[in-house]
Amino acid sequence: MELHNLKPAKGATHHDKRVGRGAGSGHGGYSTRGLKGAKSRSGYSSKLGFEGGQMPLQRRLPKFGFTNIKRVEYKAINLSTLEELASKNNLSEVTFETLVQAGFVSGNDKVKILGVTVLFLVLWPLRLTLSLRALRLLS
């Protein structure tokens, strides 16, 4: 097999449909467009979402949901993750700055500590929010 010998498999390629080239072609006359109506005219393009006068899908379905402008986004971090971070870096306490340096959060993030395991280190909850379970585990 060489590059100049390559050709598509038999039946893999088709000729383009040539419309409006006489009755003998099978696509003469109305050129596969039917009789009258907008779709048979030249220059026709349908509107996006138009369903021929039927109520469009985006108008049939109800509106739903809203965006709460007062929503506060938190980065959730488990106590076990803090435990691993402390043991890996030999830390006795974890602060927000420690989390930023470790790459867990960026400087603008709000952090919420989730209680999953018992904690054996000092946690400075400055700029950190605690879940109820984490609060119970730490107190």
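Structure shown above.
Residues numbered from 1 in each chain as written. Predicted model: local features only at pLDDT ≥ 70, side-chain atom pairs only at ≥ 80, totals over all residues. Heavy atoms only, no water.

### Observations concerning the side chain of Ser-31
Part 1: Relative to the assigned elements, Ser-31 resides in the segment before helix H1 (57-60).
Part 2: With near-sequence residues (within four places) excluded, Ser-31 lies in contact with Val-19 and Gly-20. (Helix = DSSP H or I, 4+ residues; strand = E, 2+ residues; numbered from the N terminus. Contact = heavy atoms within 4.5 Å.)

### A look at the sheet that holds strand S5 (residues 128-130)
Each strand in a sheet pairs with another by means of backbone hydrogen bonds, the pair being arranged parallel or else antiparallel.
Part 1: Sheet architecture is open: three strands sit in the order S1-S3-S5, paired in parallel fashion. One side of each edge strand has no neighbouring strand; the edge strands of this open sheet are strand S1 (74-78) and S5. Taken over all neighbouring pairs, the strand axes of this sheet differ in orientation by 30° on average, direction set aside.
Part 2: Alignment of strand S3 (residues 110-114) against S5, held across three bridges, turns out to be parallel. Residue pairing for S5: Ile-113 is matched across the bridge by Leu-130.
Part 3: Set on the sheet, helix H2 (residues 79-89) makes contact with S1 and S3; between it and S1 the angle comes to about 70°. (Pairing = 2+ DSSP bridges. Axes fitted to C-alpha atoms, helices over the stretch in contact; angles between N-to-C directions.)

### Section: the nonpolar core
Part 1: In terms of nonpolar packing, the biggest core is built from 13 residues, with Ile-77, Leu-82, Leu-99, Val-105, Val-111, Ile-113 and Leu-128 touching the most fellow members.
Part 2: At the level of secondary structure, the elements contributing two or more residues to this core comprise H2, helix H3 (96-102) and S3. (Core = buried A, V, L, I, M, F, W, Y, C linked by side-chain atoms within 4.5 Å. Buried < 20%, exposed > 50% of the residue type's maximum accessible area, 1.4 Å probe, protein only.)

### Some thoughts on H2
Every α-helix carries 3.6 residues per turn, so stepping three or four residues along brings you back to the same face.
Part 1: Among all positions in H2, only Leu-79, Leu-82, Leu-85 and Ala-86 are buried. Looking straight down H2, one finds its buried side chains confined to an arc of 115°; they lie on one side. Away from its buried face, by an angle of more than 90 degrees, H2 presents the exposed residues Glu-84, Ser-87 and Lys-88.
Part 2: Asn-90 occupies a position one or two residues after H2 and carries a positive phi of about 55°. (Arc of directions from axis to C-beta.)

### Here's the deal with the pattern of salt bridges
Part 1: Scanning the entire structure with this criterion turns up three salt bridges.
Part 2: Taking the shortest distance from any N to any O, the salt bridge between Glu-51 and Arg-60 comes out at 2.9 Å.
Part 3: We note a salt bridge from Arg-71 to Glu-73, for which the minimum N-O separation is 3.0 Å.
Part 4: Its relative accessible area of 55% is what places Glu-73 among the exposed residues. (Salt bridge = Lys/Arg side-chain N within 4 Å of Asp/Glu carboxyl O.)

### So, unusual backbone geometry
Part 1: Its identity is not glycine, yet Thr-32 carries a phi of approximately 65°, on the positive side.
Part 2: Of note, the phi angle at Asn-90 is positive, near 55°, even though the residue is not glycine.
Part 3: Structurally, Asn-90 is set in the loop between H2 and strand S2 (93-94).

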